[in-house]
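Structural overview for review
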Amino acid sequence: MSAEKEPLFSSKNLKLLTEPLNDSNPITVQVLGVCSALAVTVKLKPAFVMALSVMVVMAVSNVVISLLRKTVPPRIRIIVQLVVIAAMVILVDQVLKAFVFDISKQLSVFVGLIITNCIIMGRLEAFALSNKPWQSFLDGIGNAAGYGVILLIVAFFRELLGSGTIWGYKVIPESVYDFGYENNGLMILPPMALIVVGAIIWIQRAKNKKLVESN
Amino acid sequence: MRSYSNTYIFIFSSIMVIIVAALLSVAAITLQPYQKRNIEINKKQNILTSINIESTAKDAEALYKEYILESFTINYKGEVSKTVDAFTVDMKKELAKHIEERNLPVFVSLLEETKQYIIPVYGKGLWGPIWGYVSLKDDLSTIFGANFSHKAETPGLGAEIDTKDFQLRFLGKEILDEQGRFVSISIVKGGTADPNSKYEVDGISGGTITSNGVDDMLKDCLSSYESYFKTIKQAIPEIDVEKDLNNDVN
């Protein structure tokens, strides 16, 4: 790392942002954080707020851990990471409760569960502990974006097919319902999220040959 | 990797914990007024929904002032007391008390020149508490509207109790039988409610435990108000139902 005069957005740094969107996507490639992807993707709006919250938590805890990386005793590093994440999550939860109460009600317990989101801990352990703050920040944003993109795609299909709305607005006209169309109740249950995530993984691998393991 | 002494580890963790604790307490204290306000507005919205008035977080306070005439608490004998602010009563705590010590809130609203009595209810669902408000017409038996909320019921199943679809099933049902005895409303297995019955409501298929929870909740909470209903009913002939034209809602 000869980063003395490396520009802020060098191609190496940009890669930290873009890689998690596709080649090393936390959900579809690393298969981390799937649990929350199943839980909060019934509607777009909570999924968006969840993605944003994860992004804030991830970016800030990545930076904090990266700043502390030379002082954290390795023996208790996991505990330190957990404390940082937990503190951030509680902060985010409090802010949501104070300013976007409706959404915080919908997310309810899942905000607290950001703490257990394996992506965050994984990035802290694998990246922030051995990299500089700025790179860690980008890595956090990148991975949270990769997570968020999948969340939004899944939520889009689940909301459209499960409730006939997008972002809470009705998009499927009443006449279609009169014709015999019905919202798919299975779409709003978690198993369908798993199937949608599976479909996304399938499509991604079909397009991106790098990801296909050679047996 | 450098090794660290135990003292260092202890000092490091102590400082970390103190900083985090300070940070979180500051955040909690500064944000508390906003959070309290949100909870209050939410409660007002729920009360308004129980008399079939839709509100948003913005207009909830104004609408609440407009429609809710008064609120007070009653004791087990049905005596009205105004010493406790009904709005701040926590049903969970009241229901945990012995029946003689309970302060049960009643909200009275005025819509279309008649009064509605709004009764808060609180009970157990499958995963956590469920609660809501049931409004009765001035015969104190017919349900005018109902609103239920839940903390953690299963989405798509038990959680359906907070949907309009479920809540509308209660409209026009009665909690007193023809002799005026309290019978409450029974939530029966989804799809089996007798359409002609005034006392049966379809439960949610697949959400049986939550449905039973609503059933129990209504029985438990509404029955505590029985004596109050009786006192009002006896008093009704004498009460001059004031129709304050300034409060005309239309």
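Residues numbered from 1 in each chain as written. Chains lettered and ligands numbered in written order. Predicted model: local features only at pLDDT ≥ 70, side-chain atom pairs only at ≥ 80, totals over all residues.

**Notes on the overall build of chain A**
Counting its regular elements, chain A contains ten helices and two strands. Of the regular secondary structure in chain A, the N- to C-terminal order runs α-α-α-α-α-α-α-α-β-β-α-α. Over its C-alpha trace chain A gives a radius of gyration of 19 Å, about what one expects of a compact globule, namely 17 Å for 215 residues. Taking the principal axes of the C-alpha coordinates as reference, chain A spans close to 65 × 45 × 30 Å. Taken over 215 residues, chain A has a buried fraction of 39%. Counting contacts in chain A only where the partners sit at least 6 residues apart, residues at least 24 apart contribute 78% of the total. (Helix = DSSP H or I, 4+ residues; strand = E, 2+ residues; numbered from the N terminus. Rg over C-alpha atoms; globule rule 2.2 N^0.38 Å. Buried ≥ 20, exposed ≤ 12 C-beta atoms within 10 Å, placed from the backbone. Contact = placed C-beta atoms within 7 Å.)

**Thoughts on the sheet that holds strand β1 (residues 68–74) of chain B**
Residues and elements named next belong to chain B. Strand order in the open sheet made by the six strands is β2-β1-β3-β4-β5-β6, with antiparallel pairing throughout. Looking at strand neighbours, the two that pair on one side only are β2 (80–81) and β6 (143–150), the edges of this open sheet. With two bridges connecting them, β1 and β2 associate as antiparallel partners. If you follow threonine 73 over to β2, its bridge partner there is serine 81. Sitting on the sheet, helix α1 (residues 6–50) is in contact with β1, β3 (104–111), β4 (114–124), β5 (129–136) and β6, with an inclination near 145° to β6. (Pairing = 2+ DSSP bridges. Axes fitted to C-alpha atoms, helices over the stretch in contact; angles between N-to-C directions.)

**Examining helix α7 (residues 118–126) of chain A**
Every α-helical turn comprises 3.6 residues, leaving residues that sit three or four positions apart pointing alike. Residue and element names in this part refer to chain A. Within α7 the residues assigned to the buried category are Ile119, Ile120, Arg123 and Leu124. Projected down its long axis, α7 shows its buried positions confined to an angular sector of 130°, all on one face. Against the buried residues of α7 lie α3 (44–68), α4 (77–99) and α8 (133–163). (Arc of directions from axis to C-beta.)

**What to know about the pairing of β4 of chain B**
Along any regular strand the residues' side chains alternate between the sheet's two faces. Residue and element names in this part refer to chain B. With respect to burial, β4 is a largely interior element, eight of its eleven residues being buried. Taken together, the five bridges between β3 and β4 define a ladder with antiparallel strand orientation. Bridge assignment links leucine 111 to a residue of β4, and that residue is threonine 114. In terms of strand pairing, β4 meets β5 through eight bridges, oriented antiparallel. Across the sheet, residue lysine 124 finds its bridge partner in β5, namely proline 129.

**Some remarks on the interface of chain A and chain B**
Of the residues lining the interface, 22 residues belong to chain A; the matching set on chain B comes to 20 residues. Looking at the side of chain A that touches chain B element by element, the count peaks at ten residues for α4 of chain A.

**Side note on the nonpolar core**
Counting 49 residues, the largest nonpolar core has Met50, Val54, Val57, Tyr147, Leu151 and Val154 of chain A as the members making the most contacts within it. For this core, the leading source of residues is α3 of chain A, giving eleven residues. The contact partners of valine 57 of chain A, leaving out residues within four places of it in the chain, are Ile85, Met88, Val89, Val92, Ile114 and Ile120 of chain A. In terms of nonpolar packing, the next biggest core, distinct from the first, is built from 45 residues, Val121, Trp131, Phe166 and Tyr225 of chain B among them. (Core = buried A, V, L, I, M, F, W, Y, C linked by C-beta atoms within 7 Å.)

**Points about unusual backbone geometry**
All names here are of chain B. Positive phi values are uncommon outside glycine, yet glutamate 112 reaches one of about 50°. With respect to the element layout, glutamate 112 can be found in the loop between β3 and β4. One non-glycine residue, glutamate 113, adopts positive backbone phi at about 65°. Its place among the elements puts glutamate 113 in the loop between β3 and β4. By C-beta crowding, glutamate 113 is classed as partly exposed, having 13 other C-beta atoms within 10 Å.

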